[in-house]
Amino acid sequence: MIFSMTTVAHLECSVTGERYEAGKVQNLSKTGMPLLVRYDLKTARDNWNREWLANGPRSMWRYAPVMPVAKPTSIVSLGEGWTPLMKLKRYGAELGCSNVWLKDEGLNPTGSFKARGLSCAVSMCVELGITKVAIPSAGNAASAMAAYAAAAGIEAHIFMPKDVPQSNYIECKAFGARVTLIDGLISDCAKIVGDRKEAEGWFDVSTLKEPYRIEGKKTMGYELAEQMMWKLPDAIFYPTGGGVGIIGMWKAFDEMEQLGWIGPERPRMIAVQVEGCQPVVRAYNEGAERSQFFENAATVAAGLRVPKPLGDFLILQAVRQSGGTAIAVSDDDMMRAGVRLATEEGMFIAPEGAACMAALEKLVGSGFLKANERIVIYNTGSGLKYLEAYSALFPR
Ligand SMILES: *Cc1c(COP(=O)(O)O)cnc(C)c1O
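Here goes a summary of the coordinates provided. (Residues numbered from 1 in each chain as written. Predicted model: local features only at pLDDT ≥ 70, side-chain atom pairs only at ≥ 80, totals over all residues. Heavy atoms only, no water.)

### Considerations on the packing of helix H12 (residues 331-345) against helix H13 (residues 351-365)
To characterise two packed helices, one gives the angle between the axes of the helices and the distance between these axes. Which entries qualify depends on this criterion: Helix axes use the C-alpha atoms of the stretch in contact, all axes being lines fitted to C-alpha atoms, and the angles between their N-to-C directions lie in the range 0 to 180 degrees. Numbering of helices and strands runs from the N terminus; a helix is a DSSP stretch of H or I covering at least four residues, while a strand is a stretch of E covering at least two. Roughly parallel refers to an angle under 35 degrees, roughly antiparallel to one over 145, roughly perpendicular to one between 65 and 115, and oblique to any angle outside these ranges. Whether two residues are in contact is decided by their heavy atoms, any of which lying within 4.5 Å being enough. Gly is placed with the polar residues, together with every amino acid not listed as nonpolar (Ala, Val, Leu, Ile, Met, Phe, Trp, Tyr, Cys and Pro) or charged (Asp, Glu, Lys and Arg).
One way to put it is that H12 packs onto H13 with a least axis distance of 7 Å and a crossing angle of 95°. Considered as vectors, H12 and H13 are oriented roughly perpendicular to each other. Contacts between H12 and H13 involve Asp-333, Met-334, Met-335, Ala-337, Gly-338, Arg-340 and Leu-341 from the first element and Pro-351, Ala-354, Ala-355, Met-357, Ala-358 and Glu-361 from the second. Along the lines of polarity and charge, the residues of the contact of H12 with H13 split into nine nonpolar, one polar and three charged.

### Points about a nonpolar patch on the surface
The condition is simple: Only residues whose relative accessible area exceeds 30% and that take part in no salt bridge are eligible for patches, with like-charged residues grouped when within 9 Å of each other and nonpolar side chains (Val, Leu, Ile, Met, Phe, Trp, Tyr) grouped when within 5 Å. Residue burial considers only the protein chains on display, and all accessible areas are found by Shrake-Rupley using a 1.4 Å probe. By definition, a salt bridge exists where a carboxyl oxygen of Asp or Glu is found within 4 Å of a side-chain nitrogen of Lys or Arg. Each residue is assigned to one of three classes by its accessible area relative to the maximum for its type, calculated with a 1.4 Å probe on protein chains only: buried under 20%, partly exposed between the two thresholds, exposed over 50%.
The grouping of Phe-348, Leu-384 and Leu-387 at the surface amounts to a nonpolar patch, some 290 Å² of accessible area in total. Note on placement: Leu-384 falls in the loop between strand S13 (375-379) and helix H14 (387-391). The class for Leu-384 is exposed, based on a relative accessible area of 59%.

### A word on the packing of aromatic side chains
Note the threshold: Ring geometry is summarised as follows: Phe, Tyr and Trp rings, the Trp one being its six-membered ring, pair when their centres sit within 6.5 Å, and such pairs are stacked at plane angles under 30 degrees, edge-to-face over 60 and tilted between the two. A positively charged side chain is recorded as over a ring if its NZ (Lys) or CZ (Arg) lies within 6 Å of the ring centre. The angle to the ring normal must also be within 35 degrees.
In the structure shown here, the tally under the stated rule is nine aromatic pairs. Aromatic pair Tyr-63 and Tyr-222: ring centres 5.3 Å apart, planes at 35°, arrangement tilted. Of this pair, Tyr-63 sits in the loop between helix H1 (41-47) and strand S4 (85-87) while Tyr-222 sits in helix H8 (residues 219-227); the two residues are 159 residues apart in sequence, bridging distant segments of the chain. The residues Tyr-63 and Tyr-222 share a single accessibility class, namely buried. Aromatic side chains Phe-113 and Tyr-238 sit 6.1 Å apart centroid to centroid with 50° between the ring planes, which places their arrangement in the tilted category. Of this pair, Phe-113 sits in the loop between strand S5 (100-104) and helix H3 (114-128) while Tyr-238 sits in strand S10 (residues 235-239); the two residues are 125 residues apart in sequence, bridging distant segments of the chain. You'll find Phe-113 and Tyr-238 in the same group, each marked buried. Aromatic ring contacts, followed pair by pair, group Trp-48, Tyr-63, Tyr-222, Trp-230 and Trp-261 into a single cluster. Positioned above the aromatic ring of Trp-82 is the side chain of Arg-62, whose terminal nitrogen or guanidinium carbon lies 3.7 Å from the ring centre.

### Observations concerning the site of the ligand
Our working rule: Think of it this way: one heavy atom of a residue within 4 Å of a molecule or strand is enough to make that residue near it. Definition of a polar contact: a pair of N or O atoms within 3.5 Å, with one able to donate and the other able to accept a hydrogen when the atoms are protein atoms, and with sequence-neighbouring residues admitted only if both atoms are side-chain atoms.
Neighbouring the ligand are 16 residues; Lys-114, Tyr-238, Gly-241, Gly-243 and Thr-380 lie closest to it. Tyr-238 has a polar side-chain atom sitting 2.5 Å from an oxygen atom of the ligand. The contact in question runs from an oxygen atom of the ligand to an N or O atom on the backbone of Gly-245, over 3.0 Å. Alone, the ligand offers 390 Å² of accessible surface; in the complex the protein occludes 96% of this. Of the residues assigned to the shell around the ligand, the class counts are five nonpolar, eight polar and three charged.

### Comments concerning the environment of Ile-349
Residue position: Ile-349 is located in the loop between H12 and H13. What makes Ile-349 buried here is its relative accessible area of 0%. With 37 residues separating them in the primary sequence, Ile-349 and Tyr-386 have C-alpha atoms 9.1 Å apart. Residue contacts for Ile-349: discarding those within four places in its chain leaves Leu-341, Ala-354, Met-357, Asn-379, Gly-381, Ser-382, Gly-383 and Tyr-390.

### Notes on the pattern of salt bridges
According to the stated counting rule, one finds 28 salt bridges in the structure shown. One salt bridge connects Arg-340 with Glu-94, and the closest N-O pair in it is separated by 3.3 Å. With Arg-340 in helix H12 and Glu-94 in helix H2 (residues 89-95), this residue pair connects regions lying 246 residues apart in the sequence. Overall, Glu-94 belongs to the exposed group, its relative accessible area being 54%. As a salt-bridge pair, Lys-218 and Glu-215 come within 2.6 Å of each other at their nearest N and O atoms. Comparing Lys-218 with Glu-215, the two get one shared label, buried. Beyond isolated ion pairs, a larger network of salt bridges with shared partners links Glu-94, Arg-340, Glu-344 and Glu-361.

### Remarks on the sheet that holds S13
Applied cut-off: Whether two strands pair depends on DSSP finding at least two bridges between them.
The mixed open sheet is built from six strands, whose spatial order is S4-S5-S13-S10-S11-S12. Sheet topology places S4 and strand S12 (325-329) at the edges, where each strand pairs with a single neighbour. Across the sheet, the mean angle separating the axes of adjacent strands is 25° when strand polarity is ignored. In this structure, S5 lies alongside S13, joined through five bridges in parallel fashion. Opposite Lys-103, over in S13, you have Tyr-378 as the bridge partner.

### Side note on the sheet that holds strand S7 (residues 155-161)
Strand-to-strand pairing in sheets goes through backbone hydrogen bonds, with the strands running parallel or antiparallel. Within the open sheet, the four strands sit side by side as S8-S7-S6-S9. Their pairing is parallel. The sheet is open, and its two borders are formed by strand S8 (178-182) and strand S9 (203-204), each paired with just one other strand. Both S7 and S8 contribute to a ladder of five bridges, which runs parallel. Following the sheet pairing, Ile-158 is matched in S8 by Val-179.

### Quick look at the environment of Ser-123
The residue Ser-123 is located in helix H3 in this model. Under the relative-accessibility criterion, Ser-123 is labelled buried at 0%. The spatial distance from the C-alpha of Ser-123 to the C-alpha of Ile-135 is 16 Å, given a sequence separation of 12 residues. Apart from the residues lying within four places of it in its own chain, the contact partners of Ser-123 are Trp-61, Val-69, Ser-74, Ile-75, Val-76 and Leu-118.

Limitation: the analysis is restricted to geometry and does not speak to function.
Next comes the structure, spelled out in structure tokens:
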């Protein structure tokens, strides 16, 4: 038996709780804050059972009742999600840790977990009749959007910093998107999209400026619980740029508790950033509820180069409520940890994922984490998308 109907109820302002109608085109709330999708979880609980998941699709769409898409024919899927959770035997043993796993999101379509968010957002565009989308991106979100827009036959307009990894530029061009390279950061790209979208008739798919990318990314939380037999780990390391994944997983844990699938225990959420762009770490250390714009942001981990995340307050809430922490590592330590993981485990991960490996080494060293704790690292992309960054270590 498969129950596959959405139980979407309404949208809600993440700050005021004010309700907005589902099934209509929506970006931010009236106060300029992200909107979250809410479901009728009682109906879902009465009609859906976690044991049935085994018969569902081997993609993130196995969780369709808690996804926003109403018509199955709207779904634009390239096989995103249901990625492997791999135990790090040799790397873990060297650190003295016996229970470290890596969730390998690099195996998603377009080589990053951005596929989850954009599959969901583009599916909703199809459902709502949107035909032109625009996105400012540090790289991987653009690749994913270009791919799903191509699959849906939707026009994609992409604005990226001009030093974006070559893989992202080439993918977007190959997928037939309209690409503009900007001499600036993702925040400058976002401004251009904001200024032009009305005149051009673009739907703005910027991080957290529409409600559905979170819904795709939250499936990482559902999957983790399912793959760990419904017992969440003690700690989760997450490379935090815009923070969509952390916010999404935190939401998923809440939903699963309401579904009766997990208890009230939560993993410690560890937000990992890099020294060259660490607005969330600074805010965390200062006890602030919001971050401040991080000037002169610089790192080869393109996905972490977000100087002022719109959802900073939601990231900080999850980190604090979970008893986690926020930590920054240097680009050097990050790249070294990435190569070490490749050498010891045969997995070639993105610098963003490698930042989590470096952070793990630090927090085990400091005693924040104990050797026998169950730890999950999110590798958010494939190392193959970052050949320029790795070339610096292996010149020919
Ligand atoms: C976008 C991106 C991140 C940051 O993701 P958020 O959920 O927005 O914090 C991390 N790693 C990679 C590879 C990315 O593409």
